[in-house]
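# Analysis of the macromolecular model
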Amino acid sequence: MMRYEKKIQFREISLNITAWIIGLIWILPIVGILMTAIRPFDEVINGWWRFDTFTPTFSNFFDALNHPTAPLINGMKNSLIVAIPATFLPLIIATMTGYGLSRYHFPMRKAFIITVVLTLALPQQMIAVPIFQIMSTLGLVDSYLGLILVHTAWGIPWITFFMRNYFKTLPFSIEEAARIDGASDFQIFYKIVFPNALPAIASASALQFTWVWSDFFLALILIYSPNKLLATQRIPLMRGVYHVDWGLLSAASILVMIIPILIYLLLQRYYVKGMVGWTIK
């Protein structure tokens, strides 16, 4: 019995040590970026891990926000202009679509679901040229509306799949009782289903917002005007030809990461509960 208990304790200790090591490996690059961002250039030129002198400063953050050629503050405003509608539009459409797929049966329903799932594996690089050609034909190149429409179209399939799976976990008996009482389909969805789906909606909105905010590829092929560039497009422009200020780039990267982190912190009480939407049924 004692040998068995020691074996369990040894296993738990080993798992904890392994988890701590993996955690440190994951967090080490973040620590490096933070140390580089809050220190002057001459202190990190030979490595951020050297602490012969340590003079914390926020000058890199202010310099990134007010960069002379690529001010990040304007890029963050532009990113919000794209990310907010590109989060709400697919969320509204896909939530209703996911509910319909989870509750109603119609011809070719399974084929439609399979098509939705297959689009999740479609790489953006594969359809970059068709996207550009379509947006160019519509006159939406170098337009926030064109980028919003692309992100909306890209978000609808995975949010539909996500919400459909979540709605499958909700009991159908409450909806049947409301329908017997004379409630319409819209009333059932708005007053019963929607409030119970808030955890999944919060999870989907956090993921969609993060992906749109962090996007670089689609913005790169659709947005060109210097005053319209998004936050992710402006960071590479801060790198000089003959001189690279790593503190400035690190500070800019942290500033761009802050918004998605705040979103997760605000929605964390719902986020984990809504992750059931990734289960396949």
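Here we summarise the structure given alongside this text. (Residues numbered from 1 in each chain as written. Predicted model: local features only at pLDDT ≥ 70, side-chain atom pairs only at ≥ 80, totals over all residues. Heavy atoms only, no water.)

## Focus: empty space enclosed by the protein
The criterion, for reference: Put simply, the grid is 1 Å and covers the protein atoms alone, a cavity is a trapped set of points that fit a 1.4 Å probe, a pocket is an open set with protein on both sides within 12 Å along at least five of seven lines, and lining residues have an atom within 4 Å of a point. Grid points are joined across faces, edges and corners, and a volume is the space filled by probe spheres set on the points. Note that Gly is not counted as nonpolar here; it falls among the polar residues with everything else outside the nonpolar set of Ala, Val, Leu, Ile, Met, Phe, Trp, Tyr, Cys and Pro and the charged set of Asp, Glu, Lys and Arg.
Considering all chains together, one arrives at 1 cavity of 30 Å³ or more under this definition. Of the pockets and cavities examined, the largest cavity occupies roughly 40 Å³. Each residue belonging to the lining of the largest cavity can be placed in one class, and the counts come to 5 nonpolar, 1 polar and 1 charged.

## Quick word on the packing of helix 5 (residues 109-119) against helix 7 (residues 144-169)
For clarity, the cut-off: Angles here are taken between N-to-C directions and fall from 0 to 180 degrees, while the axes themselves are lines fitted to C-alpha atoms, restricted in helices to the stretch in contact. Under the DSSP-based scheme used, a helix requires at least four consecutive residues in state H or I and a strand at least two consecutive residues in state E, with every element numbered from the N terminus. We call two directions roughly parallel when the angle between them is under 35 degrees, roughly antiparallel when it is over 145, roughly perpendicular when it lies between 65 and 115, and oblique otherwise. Note: crossing handedness is left-handed where the near helix turns anticlockwise from the far helix by less than a right angle, and right-handed where it turns clockwise. By the convention used here, residues are in contact when the closest approach between their heavy atoms is within 4.5 Å.
The N-to-C vectors of helix 5 and helix 7 enclose an angle of 125°; their axes lie 8 Å apart at closest approach. The angle between helix 5 and helix 7 falls in the class oblique. Here helix 5 and helix 7 pass one another in a crossing that is left-handed. Between helix 5 and helix 7, the contacting residues are Arg 109, Ile 113, Val 116, Val 117 and Thr 119 on the first element and Pro 157, Thr 160, Phe 161, Arg 164 and Lys 168 on the second.

## Looking at the nonpolar core
Condition: Among the buried residues, those of types Ala, Val, Leu, Ile, Met, Phe, Trp, Tyr and Cys that are joined through side-chain atoms within 4.5 Å form a nonpolar core. Three labels apply to residues, based on accessible area from a 1.4 Å probe with only protein chains included: buried if under 20% of the type maximum, exposed if over 50%, partly exposed otherwise in between.
In terms of nonpolar packing, the biggest core is built from 40 residues, with Phe 61, Leu 72, Val 82, Ile 131, Leu 147, Leu 222 and Met 238 touching the most fellow members. When contributions to this core are tallied by element, the ones reaching two or more residues are helix 1 (2-37), helix 3 (59-65), helix 4 (72-103), helix 6 (128-137), helix 7, helix 10 (198-214), helix 11 (217-222) and helix 13 (246-274). It is helix 13 that provides the largest number of residues to this core, a total of 7 residues. Among all residues touching Leu 222, those that are not within four sequence positions of it are Ile 131, Met 135, Val 141, Asp 142, Ser 143, Gly 146, Leu 147 and Val 150. One finds Ala 94, Tyr 99, Ile 188 and Ala 204 within the second-largest nonpolar core, a separate group that totals 19 residues.

## Focus on the environment of Leu 266
Inspection of the secondary structure assignment puts Leu 266 in helix 13. Linking Leu 266 and Ala 202, residues 64 residues apart in sequence, is a C-alpha distance of 9.6 Å.

## Brief notes about the packing of aromatic side chains
The condition that has to hold: Only the six-membered ring of Trp is used, alongside the rings of Phe and Tyr, when aromatic pairs are assigned; centres must lie within 6.5 Å, and planes under 30 degrees apart are stacked while those over 60 apart are edge-to-face, with the rest tilted.
Within the structure shown, the criterion is met by 5 aromatic pairs. Considering the side-chain rings of Phe 209 and Trp 213, the 5.9 Å spacing of their centres and the 15° angle between planes classify their relative orientation as stacked. One end of the pair, Phe 209, and the other, Trp 213, are both in helix 10, 4 residues apart, so they sit about a helical turn from each other. In terms of burial, Phe 209 and Trp 213 fall into one category: buried. Aromatic ring contacts, followed pair by pair, group Trp 158, Phe 162 and Trp 211 into a single cluster.

## Some details on a nonpolar patch on the surface
Here is the rule we go by: A residue counts toward a patch only above 30% relative accessible area and without a salt bridge, and it is joined to like-charged neighbours within 9 Å or, for Val, Leu, Ile, Met, Phe, Trp and Tyr, to nonpolar neighbours within 5 Å. Only the protein chains shown count as covering a residue, and every accessible area follows the Shrake-Rupley method with a 1.4 Å probe. Salt-bridge detection follows one rule: a side-chain nitrogen of Lys or Arg within 4 Å of a carboxyl oxygen of Asp or Glu.
A contiguous nonpolar surface patch, about 940 Å² in accessible area, is contributed by Trp 20, Leu 24, Ile 27, Ile 30, Val 31, Met 257, Ile 258, Ile 261, Leu 262 and Leu 265. Mapped onto the nonpolar patch, the elements with two or more residues apiece are helix 1 and helix 13. Counting through the fold element by element, Leu 262 comes out in helix 13. Its relative accessible area of 43% is what places Leu 262 among the partly exposed residues.

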